[in-house]
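# Topology and contacts: notes
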Number of protein chains: 2
Amino acid sequence: MPEASQQPPIDFYFDFSSSYTYIGLPRIEALALRHRRPLNWKPISLGAIFKERGHAPPGKDTAKGRYQHLDLIRCAAEQHLAFLSPAVFPFNSIPAARGFLWMQSLPANRAVDYAHRVFDHAFAAGGDVANVETLCDIAKDCGADPAAFALAIQSPAIKAQLVELTAEASRRGVFGAPTLICDGEMFWGADRLEQMDRWLFK
Amino acid sequence: MPEASQQPPIDFYFDFSSSYTYIGLPRIEALALRHRRPLNWKPISLGAIFKERGHAPPGKDTAKGRYQHLDLIRCAAEQHLAFLSPAVFPFNSIPAARGFLWMQSLPANRAVDYAHRVFDHAFAAGGDVANVETLCDIAKDCGADPAAFALAIQSPAIKAQLVELTAEASRRGVFGAPTLICDGEMFWGADRLEQMDRWLFK
């Protein structure tokens, strides 16, 4: 059996404003570990993809929106995850995504730690992760320099990186999050992880 | 424990053009049996509900539409169900729904037999169940008089019944199919049946 590092990765497209990415995250990480696949975290701007494709999340006051809120509460409970809707939703997840990209340039697994904290702050604590000060505090908690973080998320290179990842996702047919692509097969949604798991065992 | 007939029913809203109802149907029937709940089959016009709510199924040539086709193939395979997309899709499911309502007025479980045959003809054989002659043949295979069937699906009473069921579904917050409502709790989708199963065991 090849080393874990030699196995083709799982490309993991996500957006920090995706509730179902929060719900699926522990199982996504477990899936990659179980199959000895590197998890290739790829933040995108789902808002840009929705705009391009003419999609929109269901409104809070629609039948689908109300059901989705109930479904999130049920799914979180089944996964033994805390769940509290962010005070503002949907929110601007672009600063958080740019911050993640900068954190990836730091040593150790700081970006992954940061991602967990951002998702938990948004969906377990109902916090506001569109707020740059909040993100700087989270970066600091992960051992990063908050001033450098604040500068980095305004840098043209980081901005361009997020644009490029979003374009890459769009080219590959991504239309929602979480989306996982492995060995050319795409799986969308926190409710298709078991399907992907069975597929990877084949 | 009360008799099965005394347990509150599971209201089952479906549309004959719903691929995921076809995928979920064997598990929906098993769920009702396991929990000794009568299954209250309620055909609706999902097209009318989509129109009212401003929803639309994903186009075949969109990223979401292509993924959904792949997902249906995967989900059918997991359930050991044949799957072949209807030649024309989406199709007009209103004649099939009206026919079901008339079959419900006949003795024995002819309507359920009819529903299975219509779903199988559409999604296992890729047939055209918008065609009234095809529906008459199916009705005949279920032991019903095809001429009476053809007349019945044009009757004002049957038409009004479908309109009323669709309005009832809409009032209760239905926005897709399959939708199951039991003891005031709603579950949507062939991928929430296990969740409903666990909920019913509580």
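Coordinates for the structure precede this section.
Description of the structure in this document. Since the model is a prediction, treat every value here as computed from it, not as a measurement. (Residues numbered from 1 in each chain as written. Chains lettered and ligands numbered in written order. Predicted model: local features only at pLDDT ≥ 70, side-chain atom pairs only at ≥ 80, totals over all residues. Heavy atoms only, no water.)

## Regarding the environment of A:Asp71
Positionally, A:Asp71 belongs in helix α3 (residues 63-78). With 51 residues separating them along the chain, A:Asp71 and A:Tyr20 place their C-alpha atoms 10.0 Å apart. The residues contacting A:Asp71, other than those within four sequence positions of it, are A:Tyr20, B:Arg192 and B:Gln195. (Helix = DSSP H or I, 4+ residues; strand = E, 2+ residues; numbered from the N terminus. Contact = heavy atoms within 4.5 Å.)

## Concerning the packing of helix α1 (residues 19-34) of chain B against helix α3 (residues 63-78) of chain B
Residues and elements named next belong to chain B. α3 packs onto α1 with a crossing angle of 15 degrees between their chain directions and a minimal axis gap of 10 Å. Viewed along their axes, α1 and α3 adopt a mutual orientation that is roughly parallel. Here the hand of the crossing between α1 and α3 comes out left-handed. Note on element contacts: α3 touches α1 through Gln 68, Asp 71, Leu 72, Cys 75 and Ala 76, opposite Ser 19, Tyr 20 and Ile 23. (Axes fitted to C-alpha atoms, helices over the stretch in contact; angles between N-to-C directions. Parallel < 35°, antiparallel > 145°, perpendicular 65-115°, else oblique. Left-handed = near helix turned anticlockwise from the far one by under 90°.)

## Let's talk about the sheet that holds strand β1 (residues 10-14) of chain B
All names here are of chain B. Read from one edge to the other, the open sheet built from four strands follows the order β2-β1-β3-β4, with strand pairing classed as mixed. Two strands lie at the open edges of the sheet, namely β2 (39-43) and β4 (185-188), each paired on one side alone. Across this sheet, the average inter-strand angle for adjacent strands is 20 degrees, counted without regard to direction. Sheet topology note: the β1/β2 ladder contains five bridges and is parallel. (Pairing = 2+ DSSP bridges.)

Interpretation note: all reported values are geometric properties and have no functional meaning in isolation.
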